[in-house]
Amino acid sequence: MRRIISTIAVFIPAAAHATGFERPIPQAQSATAEWWFFAASVALLAALLAVHMLVRRR
C-alpha cells in the first residue's frame, strides 16, 4: 500500500506542469466584418444625433 501511494505521489507533480504561454496571433478582419462595423458606427452616430436633437428641444 505504501509503495502504491509513493508511486502516485511521484506522478502527480509531473502531471501538474503546464505548457508555456503562447501569445495569440491576431487574425485579419474580413471585408464583411468591416462593413458591419461601419454600419454599426453609422447607426450609433445617428442615434446620438437623434438623442441630441430630442434633448436640445427641451
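See above for the structure.
Quick caveat, the model's predicted, so the values are computed rather than measured.

Scoring rules and cut-offs
- Starting from 1, residues in each chain are numbered consecutively following that chain's sequence as written.
- Where local features are concerned, this predicted model is filtered to residues with pLDDT of at least 70; where side-chain atom pairs are given and counted, the filter is 80 or more; whole-chain, interface and lining totals use all residues.
- Hydrogens and waters are ignored; side-chain quantities use all the structure's heavy atoms.
- The helix count covers DSSP runs of H or I at least four residues long, the strand count covers runs of E at least two residues long, and both are numbered beginning at the N terminus.
- Think of it in three bands: with a 1.4 Å probe and only protein chains considered, a residue is buried below 20% of the maximum accessible area for its type, exposed above 50%, and partly exposed in between.
- Working definition of accessibility: Shrake-Rupley area with a 1.4 Å probe, residue cover restricted to the visible protein chains.
- Aromatic rings from Phe, Tyr and Trp, taking only the six-membered ring of Trp, are treated as a pair when their centres fall within 6.5 Å; an angle between ring planes under 30 degrees marks them as stacked, one over 60 as edge-to-face, and anything in between as tilted.

*Asks:* Got a minute to help me understand the overall build of the protein in this structure?
*Replies:* A count of helices and strands for the protein gives two helices and zero strands. Out of the 58 residues in the protein, the part that is buried amounts to 0%. When the accessible surface of the protein is summed, it comes to about 6,200 Å², and 69% of that surface belongs to carbon and sulfur atoms.

*Asks:* How do you make sense of the packing of aromatic side chains when you look at a structure like this?
*Replies:* Evaluation of the coordinates by the stated rule reveals one aromatic pair. Ring centres 5.9 Å apart and planes at 90 degrees place the aromatic pair tryptophan 35 and phenylalanine 38 in the edge-to-face group. In this pair, tryptophan 35 and phenylalanine 38 both sit in helix H2 (residues 31-57), three residues apart, roughly one turn of the helix. We classify tryptophan 35 as exposed; its relative accessible area is 60%. Residue class for phenylalanine 38 comes out partly exposed when judged on its relative accessible area of 48%.

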